[in-house]
Amino acid sequence: GQQLNQSPQSMFIQEGEDVSMNCTSSSIFNTWLWYKQDPGEGPVLLIALYKAGELTSNGRLTAQFGITRKDSFLNISASIPSDVGIYFCAGLGGGTSYGKLTFGQGTILTVHP
Amino acid sequence: NAGVTQTPKFRILKIGQSMTLQCTQDMNHNYMYWYRQDPGMGLKLIYYSVGAGITDKGEVPNGYNVSRSTTEDFPLRLELAAPSQTSVYFCASSYVGRNQPQHFGDGTRLSIL
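Source: prediction; values computed, not measured. (Residues numbered from 1 in each chain as written. Chains lettered and ligands numbered in written order. Predicted model: local features only at pLDDT ≥ 70, side-chain atom pairs only at ≥ 80, totals over all residues. Heavy atoms only, no water.)

Q: Kindly report on the sheet that holds strand β7 (residues 64-66) of chain B, identifying the contributing residues and their values.
A: All names here are of chain B. Reading across the sheet, the four strands line up as β1-β3-β8-β7 and stay open at both edges, with antiparallel pairing between neighbours. Every interior strand has two partners, whereas the edge strands, β1 (4-7) and β7, have only one. The average undirected angle you get between the axes of adjacent strands in this sheet is 20°. In this structure, strand β3 (residues 19-25) lies alongside strand β8 (residues 76-78), joined through three bridges in antiparallel fashion. (Pairing = 2+ DSSP bridges. Helix = DSSP H or I, 4+ residues; strand = E, 2+ residues; numbered from the N terminus. Axes fitted to C-alpha atoms, helices over the stretch in contact; angles between N-to-C directions.)

Printed below as a string of structure tokens:
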């Protein structure tokens, strides 16, 4: 089945630093999504990417859909303590995997004040 | 807006007991999904539904059953609870369409002892 490799697994940074994380896949996806999960809550959608090469921003967050359609990255600029959480990439495929999300393993982000 | 609502939030079951996890959404989404999230892992798809009366298996369906009698509700049933089913369960929904992102509930934390 489809698999996503998300890296890094965890990050410990100082407030104000920039953060970068990425996902790669052996399969092509039609859509890349980035979610954030806070403790005790469900994942919340941050950014959705629909076209290869697309670069989309949401406040301090920027994400890109790779040209090959097999990868995506998420950048967070000028991190703040409330950025703490687990960030997941997810791919939406077509064909037999229509409508079904494949998730990465998650990146645990810790921000030190 | 309520979005996706899951009940209960927490539950402890004994081995062999059965229970139903409830999920309802008020966004008129056709697609609904059930995932489980084990500690330190991403989300794995259990079952999904593309509309009332239509359900299909995901990646890890064994030990679970679902039904979809209305657009709004998508309950998940555990017939014979086993320790391996200790997990956090998330319900999600999305609009019809190939690339529509999914919106998640806050989860049900289930322990089987």
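Q: Can you lay out the pairing of β3(B) for me, pointing to particular residues and giving the numbers?
A: Residue and element names in this part refer to chain B. Only one face of β3 is covered, namely the one carrying Met19, Leu21, Cys23 and Gln25; the face carrying Thr20, Gln22 and Thr24 has none of its residues buried. Pairing between β1 and β3: four bridges, direction antiparallel. Looking at β3, one finds that Val4 is bridged to Gln25. (Buried < 20%, exposed > 50% of the residue type's maximum accessible area, 1.4 Å probe, protein only.)

Q: How would you explain the interface of chain A and chain B if you had to name every residue and give the values?
A: Contacts between the two partners involve 22 residues from chain A, matched on the other side by 22 residues from chain B. Carbon and sulfur atoms make up 54% of the area that chain A and chain B hide from each other, which totals about 1800 Å². On the surface where chain A and chain B come into contact, there are zero salt bridges. The tally of links from chain A across to chain B stands at three residue pairs in polar contact (both at pLDDT 80 or more). Listed by contribution, the elements that provide at least two residues to the side of chain A that touches chain B are β4 (31-37), β9 (85-92) and β10 (101-103) of chain A. Considering each element in turn, the side of chain A that touches chain B owes the most residues, four residues, to β4(A). When its residues are assigned to classes, the side of chain A that touches chain B shows 10 nonpolar, 10 polar and two charged. (Contact = heavy atoms within 4.5 Å. Buried area = accessible area lost by both parts, 1.4 Å probe. Salt bridge = Lys/Arg side-chain N within 4 Å of Asp/Glu carboxyl O. Polar contact = N/O pair within 3.5 Å; in protein donor to acceptor, adjacent residues only side chain to side chain. Nonpolar A, V, L, I, M, F, W, Y, C, P; charged D, E, K, R; others polar.)

Q: Got a sec to walk through the sheet that holds strand β7 (residues 61-65) of chain A? Specific residues and values, please.
A: Residue and element names in this part refer to chain A. Spatially, β1-β3-β8-β7-β6 is the arrangement adopted by the five strands of the open sheet, whose pairing is antiparallel. The open sheet terminates on both sides in strands that have one partner only, identified here as β1 (4-7) and β6 (55-58). On average, adjacent strands in this sheet sit at an angle of 15° to one another, irrespective of strand direction. In this sheet, β7 lies alongside β6 in antiparallel orientation, the contact comprising four bridges. Residue Ser57 lies in a different strand from β7, and its bridge partner there is Thr62.

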